[in-house]
Amino acid sequence: MADSHFIDHGGKRIYYIDFSGSDVDSIKQVVAKSKKDIAAEPAGSVLTMTNVEDVTITPELSNMMKEFTAHNKPYVKSGAVLGITGLKKVTFNAVLMFSGRRNLHLFDSMDEAKDWLVKQ
C-alpha cells in the first residue's frame, strides 16, 4: 500500500514516497498527505525519493503526477525516482516538462538514490 514518510540516511532527512504496486486510489491519498508534509518544510530544502515500481500509468495518474510534481517544485532541493522503465520514461519526461523540474533523477536502486540525494 502506498505510504510516505521521512527517513534518515547519511545524516540527512529524505522524504520517501512509496507508490510501488499501488492503485490510483491509494496513490491519491498519499499524494494529498505528501503535499501537506512537503509544503510544511522550508523552500528548497526537501530531498525526495519516490518509488513507482509496478505502478500502472493511466492518464489520470499521469495528470496527478504532473500536478503533484509542480506543487512540490518550490520545496524540493533534489528528487530521486525509482522504477521508471520502458514506456514510463515517456510519462516521466512529460512530468518534467510540465512541472519545469530539472532536479529529478532516475535510479535503479534505493541505495544509489539515497547515496546520491545526501550528496546534494
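The text that follows walks through the structure, step by step, so that each part is easy to find. Computed from a prediction, not measured in an experiment: that's the story for all the values here.

Some points on the packing of helix H1 (residues 24-39) against helix H2 (residues 59-72)
Okay, so step 1: At their nearest, the axes of H1 and H2 sit 10 Å apart, and the two run at 5° to each other. Looking at the two axes, H1 sits roughly parallel to H2. Each of Val-24, Ile-27, Lys-28, Val-31, Ser-34, Lys-35, Ile-38 and Ala-39 in H1 lies in contact with H2, whose residues at this interface are Glu-60, Leu-61, Met-64, Met-65, Glu-67, Phe-68, His-71 and Asn-72.
Okay, so step 2: Classifying every residue of the contact of H1 with H2 by side-chain character gives nine nonpolar, three polar and four charged.

Describing H1
Okay, so step 1: Along its 16 residues, H1 runs 22 Å from first to last C-alpha, staying within 8% of the 22 Å computed at 1.5 Å per residue.
Okay, so step 2: Taken together, the buried positions of H1 are Val-24, Ser-26, Ile-27, Val-30, Val-31, Ser-34 and Ile-38. Taken end-on, H1 shows its buried residues confined to a sector of 135°, consistent with a single buried face. For H1, the exposed residues lying more than 90 degrees away from the buried face are Asp-25, Gln-29 and Lys-36.

A few points about the nonpolar core
Okay, so step 1: By size, the foremost hydrophobic cluster in this structure holds 23 residues, and its most contacted members are Ile-17, Phe-19, Ile-27, Val-31, Met-64 and Met-65.
Okay, so step 2: Contributing elements (two or more residues each) for this core: strand S2 (12-18), H1, H2, strand S4 (76-82) and helix H3 (88-99).
Okay, so step 3: Setting aside anything within four residues of it in sequence, one finds Met-65 in contact with Phe-19, Ile-27, Val-31 and Val-95.
Okay, so step 4: Grouped together as the second largest cluster of nonpolar side chains are 10 residues, Leu-82, Phe-107, Ala-113 and Leu-117 included.

Side note on the packing of aromatic side chains
Okay, so step 1: Under the counting rule described, the total for this entry stands at two aromatic pairs.
Okay, so step 2: Ring geometry for Phe-6 versus Tyr-15: centroids 4.8 Å apart, planes at 65°, classification edge-to-face.
Okay, so step 3: Residue classification places Phe-6 among the partly exposed positions, given a relative accessible area of 29%.
Okay, so step 4: Among the residues examined, Tyr-15 registers a relative accessible area of 0% and is labelled buried.
Okay, so step 5: Between Phe-107 and Trp-116, the aromatic rings sit 5.4 Å apart at their centres with planes inclined by 45°, giving tilted as the arrangement.
Okay, so step 6: A relative accessible area of 16% means that Phe-107 is categorised as buried.
Okay, so step 7: Positioned above the aromatic ring of Phe-6 is the side chain of Arg-13, whose terminal nitrogen or guanidinium carbon lies 3.7 Å from the ring centre.

Description of the side chain of Thr-69
Okay, so step 1: Along the chain, Thr-69 falls in helix H2.
Okay, so step 2: Judged by relative accessible area, Thr-69 falls into the buried class, the value being 9%.
Okay, so step 3: Aside from chain neighbours lying at most four places away, what touches Thr-69 is Val-95, Ser-99, Arg-101 and Leu-104.

Reading the values: the criteria
- Residues numbered from 1 in each chain as written.
- Predicted model: local features only at pLDDT ≥ 70, side-chain atom pairs only at ≥ 80, totals over all residues.
- Heavy atoms only, no water.
- Axes fitted to C-alpha atoms, helices over the stretch in contact; angles between N-to-C directions.
- Helix = DSSP H or I, 4+ residues; strand = E, 2+ residues; numbered from the N terminus.
- Parallel < 35°, antiparallel > 145°, perpendicular 65-115°, else oblique.
- Contact = heavy atoms within 4.5 Å.
- Nonpolar A, V, L, I, M, F, W, Y, C, P; charged D, E, K, R; others polar.
- Expected span 1.5 Å × (residues − 1).
- Buried < 20%, exposed > 50% of the residue type's maximum accessible area, 1.4 Å probe, protein only.
- Arc of directions from axis to C-beta.
- Core = buried A, V, L, I, M, F, W, Y, C linked by side-chain atoms within 4.5 Å.
- Phe/Tyr/Trp six-rings, centres within 6.5 Å; stacked < 30°, edge-to-face > 60°.
- Lys NZ or Arg CZ within 6 Å of the ring centre and 35° of its normal.

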